[in-house]
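# Survey of secondary and tertiary structure
For reference, the chains in residue letters:
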Amino acid sequence: MSIQSLIIDCDPGVDDAVALFLAFAAPELELLAVCTVGGNVPAHLTQRNARIVRQIAGREDVPVYGGAERPLKRPPAGAGDFHGPEGLGDLEPFEPTGIIGDGPAANAIVDLVMKRPAGSVAVAVLGPMTNLALAMKRERRLADHLGPVVVMGGARSEGGNITASAEFNIWADPDAAAVVFASGCDVIAFGLDATHQVRATEPRIRALQALRSEPARATAALLRFSQRVEREANGAEAPPLHDPCPIAWLLKPELFSLKPCRIEVETASELTRGHTAVEFRVDPATARHRWATTADGQGVFDLLTDTLKPA
Ligand code: RIB
Ligand code: CA
């Protein structure tokens, strides 16, 4: 089995928490750190929530670093409607025992990546891209030293989920996303075109509920919350599961189809702020970006269920 060193940067957040449970349980991943950012809920809650998930997963060997409290230029965003005021749906939050790492997330990203061989550390960004953009500004060599940057973010054919034309993570900090997409690092973007094909249906939630492990029980409870929100907000039955998609790709890339592209972000217009212009007319040999066009929803849930199954 090949082991991928990985840093996860996230804003837990219900689906971020599911992505973390998947990553914490996957033997193929050497999780170097979890970094948090303000996004779905404020930064002090995303940091606490990451430590709560870490404790439930029994992975207090993985450091958690708190990161940016606000975007590079815009006021703090928020998506509490979809994640609950505490950010973990209706899971009862508690004060976690595990410590918070010293220093800001951006410094941790620079230190962890730059001291390892070029291309050996992947970064998964599951929230606004502020921490990674700050890290790139702090260390100009970072973009060239990074392994794959797998991102949950972006809107193309499906349209947006926070505005007509933008997906939340990119909309929340479009300036940071523009920095990352323009940096020259290899980005694989899992936008709504792919994540809307990965839905938490009743049978899939029940399969997780049937497992006798704390992470599986918590994951099922988180998905039940999203199911209720989806019914109330959209009158639909099965909520999309966004943030586990980049992690699933690292573990089983065959679950997704990718297309070479060039991704640019709207930062000038308030009307289309955060829109991702995904241009497929590129030279595949030199394109640095790839866009996920299809996802095997059942395959992602089978991976999640198999990984969370108690040993
Ligand atoms: O648009 C979906 C993204 O926004 C996910 O990362 C979710 O956690 C929210 O942050
Ligand atoms: Ca997120």
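Residues numbered from 1 in each chain as written. Chains lettered and ligands numbered in written order. Predicted model: local features only at pLDDT ≥ 70, side-chain atom pairs only at ≥ 80, totals over all residues. Heavy atoms only, no water.

### Some details on the overall build of the protein chain
As a reminder of what qualifies: Under the DSSP-based scheme used, a helix requires at least four consecutive residues in state H or I and a strand at least two consecutive residues in state E, with every element numbered from the N terminus. Atoms counted for the radius of gyration: C-alpha only. Globule rule: 2.2 Å times residue count to the power 0.38. Buried, partly exposed and exposed residues are distinguished by accessible area as a fraction of the type maximum, computed with a 1.4 Å probe on protein chains only: under 20%, between the cut-offs, and over 50%, respectively. Values of accessible area rely on a 1.4 Å probe in the Shrake-Rupley scheme; residue burial ignores everything except the protein chains shown.
Across its full length, the protein chain carries 13 helices and 9 strands. Computed over its C-alpha atoms, the radius of gyration of the protein chain comes to 18 Å, within 12% of the 19 Å expected for a compact globule of 311 residues. Each principal axis of the C-alpha distribution contributes one length, and for the protein chain these read about 45 × 40 × 40 Å. Counting only residues that meet the buried cut, the protein chain has 58% of its 311 residues in that class. If you sum the accessible surface of the protein chain, you get close to 12300 Å²; carbon and sulfur atoms cover 51% of it.

### Describing the packing of helix 1 (residues 14-25) against helix 12 (residues 244-251)
Using the following cut-off: Helix axes are fitted to C-alpha atoms over the stretch in contact, other axes to C-alpha atoms as well, and angles between N-to-C directions run from 0 to 180 degrees. The labels follow the angle: roughly parallel below 35 degrees, roughly antiparallel above 145, roughly perpendicular from 65 to 115, and oblique for the rest. Any pair of residues with heavy atoms lying within 4.5 Å of one another is described as a contacting pair. Nonpolar residues are Ala, Val, Leu, Ile, Met, Phe, Trp, Tyr, Cys and Pro. Charged residues are Asp, Glu, Lys and Arg, and all others, Gly as well, are polar.
The geometry of helix 1 relative to helix 12 is characterised by a closest axis approach of 8 Å and an angle of 20° between their N-to-C directions. Classified by the interaxial angle, the pair formed by helix 1 and helix 12 is roughly parallel. Along the contact surface, helix 1 presents D15, V18, A19, L22 and A23, while helix 12 presents P244, I247, A248 and L251. Within the contact of helix 1 with helix 12, the residues separate by chemical class into 8 nonpolar, no polar and 1 charged.

### With respect to the packing of aromatic side chains
This is how the line gets drawn: Within 6.5 Å between ring centres, the rings of Phe, Tyr and Trp (the latter by its six-membered ring) count as paired, and their orientation is classed by plane angle as stacked under 30 degrees, edge-to-face over 60, tilted in between. Note on criteria: charge over ring means Lys NZ or Arg CZ within 6 Å of the ring centre, with the direction from the centre no more than 35 degrees off the ring normal.
Taken as a whole and assessed by the stated rule, the structure comprises 3 aromatic pairs. Judged by centre distance (6.4 Å) and plane angle (35°), the ring pair of F168 and W171 falls under tilted. Taken together, the residues span about one helical turn, with F168 and W171 both in helix 7 (residues 168-172) at a distance of 3 residues. Taking 6.2 Å as the distance between ring centres and 50° as the angle between the ring planes, the aromatic pair formed by F190 and W249 counts as tilted. One end of the pair, F190, is in strand 6 (residues 187-190); the other, W249, is in helix 12, and 59 residues separate them in sequence. The burial state of F190 is the same as that of W249; both residues are buried. Sitting over the face of the ring of F280, K259 holds its NZ or CZ atom 4.2 Å from the ring centroid. Across the ring face of W171, the terminal group of R273 is positioned such that the distance to the ring centre comes to 4.0 Å.

### Observations regarding the nonpolar core
Selection rule: For the purposes of this section, nonpolar cores are sets of buried Ala, Val, Leu, Ile, Met, Phe, Trp, Tyr and Cys residues that join through side-chain atoms within 4.5 Å.
One finds L6, I8, V34, I247 and F256 to be the most contacted residues of the largest nonpolar core, which totals 61 residues. Take this core: its biggest share by element is 9 residues, from helix 1. The next biggest cluster of nonpolar side chains, apart from the first, holds 38 residues, and it includes L32, V113, V151 and V278.

### Considerations on the site of ligand 1
Test applied: One heavy atom within 4 Å of a molecule or strand makes the whole residue count as near it. What qualifies as a polar contact is a pair of N or O atoms within 3.5 Å, subject to a donor-acceptor requirement within protein and to the restriction that residues adjacent in sequence count only when both atoms come from side chains.
Close contacts around ligand 1 come from 13 residues, with D15, N40, N161, E167 and D243 the closest. Measuring from an oxygen atom of ligand 1, one finds a side-chain N or O atom of D15 at 2.6 Å. N169 is positioned with one of its side-chain polar atoms (N or O) 3.0 Å from an oxygen atom of ligand 1. In isolation ligand 1 exposes 280 Å². Once the protein is present, 96% of that is buried. Only helix 1 and helix 7 provide two or more residues apiece to the shell around ligand 1. Each residue belonging to the shell around ligand 1 can be placed in one class, and the counts come to 3 nonpolar, 5 polar and 5 charged.

### Focus on the environment of M129
Mapped onto the elements of the fold, M129 is located in the loop between strand 4 (121-125) and helix 5 (130-138). You can call M129 buried: its relative accessible area is 1%. Spatially, the C-alpha atoms of M129 and A176 are 5.4 Å apart, while their sequence positions differ by 47 residues. Ignoring anything within four residues of it in the chain, the contact list for M129 reads V151, I170, A176, A177 and V180.

### Remarks on the coordination of the calcium ion (ligand 2)
Each pair of donors in an ideal four-coordinate tetrahedral metal site encloses 109.5 degrees, whereas pairs in an ideal six-coordinate octahedral site enclose 90 or 180 degrees. To keep things clear, this is the line we draw: Counted as donors are the N, O and S atoms within 2.8 Å of the metal, or 3.2 Å for Na, K and Ca, while water is not among the atoms, so some sites may look incomplete.
Only D11 (OD), D16 (OD), D16 (OD), L126 (O) and D243 (OD) from the protein coordinate the calcium ion (ligand 2), and they sit 2.3 to 2.6 Å from it. Mapping the donors of the calcium ion (ligand 2) onto the primary sequence gives the spacing D-x4-D-x109-L-x116-D. In this pair, D16 is assigned in helix 1 and L126 in the loop between strand 4 and helix 5, connecting sequence segments 110 residues apart. No difference in accessibility class separates D16 from L126, as the two residues are buried.

### Section: the side chain of S226
Within the secondary structure, S226 is located in helix 11 (residues 214-234). Apart from the residues lying within four places of it in its own chain, the contact partners of S226 are V14 and P239.

### Topic: the pattern of salt bridges
What counts is decided by this rule: We count a salt bridge whenever a side-chain nitrogen from Lys or Arg sits within 4 Å of a carboxyl oxygen from Asp or Glu.
Considering all chains together, one arrives at 17 salt bridges under this definition. Its salt-bridge partner being R74, residue E270 comes within 2.9 Å of it at the nearest N-O pair. Linking E270 in the loop between strand 7 (256-265) and strand 8 (276-279) with R74 in the loop between strand 3 (64-66) and helix 3 (80-83), this pair joins segments that are 196 residues apart in sequence. The exposed category is assigned to E270, whose relative accessible area is 54%. Of the charged contacts in the structure, one is a salt bridge between R273 and E270, with a shortest N-O distance of 3.9 Å. Since its relative accessible area comes to 7%, R273 is described here as buried.

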